[in-house]
Amino acid sequence: MNFFFKNITIIAVALIFSLAGCRQIDLYEKNTTIPSYKWPLNFAATSNFQITDTLSSYNIFIVLRHTDAYNYNNIWLSIGLQAPGDSMYLQNVDLSLGNDASGWEGSGMNDIWEVRKLLSGQPRRFKKPGDYIYSIKHIMRDNPLNGVMSVGLRLEKVK
């Protein structure tokens, strides 16, 4: 009988510690796959996210996955963000993906690389609650742009 209570106590303590370690992660991430890794100029990665907390700040990242076959050290993107009830605000961004001296930035496995780039350089607050729509297109000269596997947006609430 003593053995039974000892096991129950151990299980209860382990359960309490595992539940105490759980906390909600305030995060949104959505990535859009580029068909056949050939990104046409007219193809936009679009989605939406909801903001309920207008008092908190958020880090906004562009997440891009590419292959070693990507031909450039950077990528030019047109990023649009539309707040509830507003028109789309467009911003052109030049993201560095690597250089000839040190290679690709980000994390890689075999010939696949993923980079997360902080978009505005500092956390941003959203002024209106509701659904926000975003759009990401490349504005490079190549059509289609080869070697890009996926692109998306990541939001992290600043603690």
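Here, residues in each chain are numbered from 1, in the same order as that chain's written sequence. In view of the model being predicted, local features appear only for residues whose pLDDT reaches at least 70, and side-chain atom pairs are presented and counted only at 80 or more, with totals across whole chains, interfaces and linings using the full set of residues. Note: side-chain values were computed over all heavy atoms of the structure, leaving out hydrogens and water.

### Details of the pairing of strand S12 (residues 130-138)
Link 1 in the chain: Both strand S3 (residues 45-51) and S12 contribute to a ladder of seven bridges, which runs antiparallel. Across the sheet, Ile-51 pairs through a bridge with Gly-130, a residue of S12.
Link 2 in the chain: Pairing between two strands requires that DSSP report at least two bridges joining them. Numbering of helices and strands runs from the N terminus, with a helix taken as a DSSP run of H or I at least four residues long and a strand as a DSSP run of E at least two residues long. Bridge count for strand S5 (residues 74-82) against S12 is six bridges, and the pairing is antiparallel. Its bridge partner being in S12, Ser-78 is matched across the sheet by Lys-137.

### Side note on unusual backbone geometry
Link 1 in the chain: Note the cis peptide between Asn-143 and Pro-144, where omega equals 5°.
Link 2 in the chain: Following the sequence through the fold, Pro-144 ends up in the loop between S12 and strand S13 (145-146).
Link 3 in the chain: In this model, Ser-36 sits at a positive phi of 55°, which is unusual for a non-glycine residue.
Link 4 in the chain: Mapped onto the elements, Ser-36 comes out in the loop between strand S1 (27-33) and strand S2 (38-39).
Link 5 in the chain: Assessed through its relative accessible area of 62%, Ser-36 is described here as exposed.
Link 6 in the chain: With phi around 60°, Tyr-37 is a residue other than glycine that occupies positive phi space.
Link 7 in the chain: Mapped onto the fold, Tyr-37 is located in the loop between S1 and S2. Accessible area is worked out with a 1.4 Å probe on protein chains only. A residue is then buried under 20% of its type maximum, exposed over 50%, and partly exposed in between.

### Points about the packing of aromatic side chains
In this description, an aromatic ring pair is defined by two values, namely the gap between the centres and the angle between the planes.
Link 1 in the chain: The rule is short: rings of Phe, Tyr and Trp, with Trp giving its six-membered ring, pair when the centres are within 6.5 Å, and they are stacked under 30 degrees, edge-to-face over 60, tilted in between. One pass over the full model with this rule turns up eight aromatic pairs.
Link 2 in the chain: Ring centres 5.7 Å apart and planes at 70° place the aromatic pair Phe-49 and Phe-126 in the edge-to-face group. Placement of Phe-49 in strand S3 and of Phe-126 in the loop between strand S11 (124-125) and S12 is noted, with a sequence separation of 77 residues between them.
Link 3 in the chain: When the centroid spacing of 6.3 Å and the interplanar angle of 50° are considered together, the rings of Tyr-70 and Trp-104 count as tilted. Highlighted residues: Tyr-70 in the loop between strand S4 (57-67) and S5 and Trp-104 in strand S8 (residues 103-104), separated in sequence by 34 residues. The two residues Tyr-70 and Trp-104 agree in class, both being buried.

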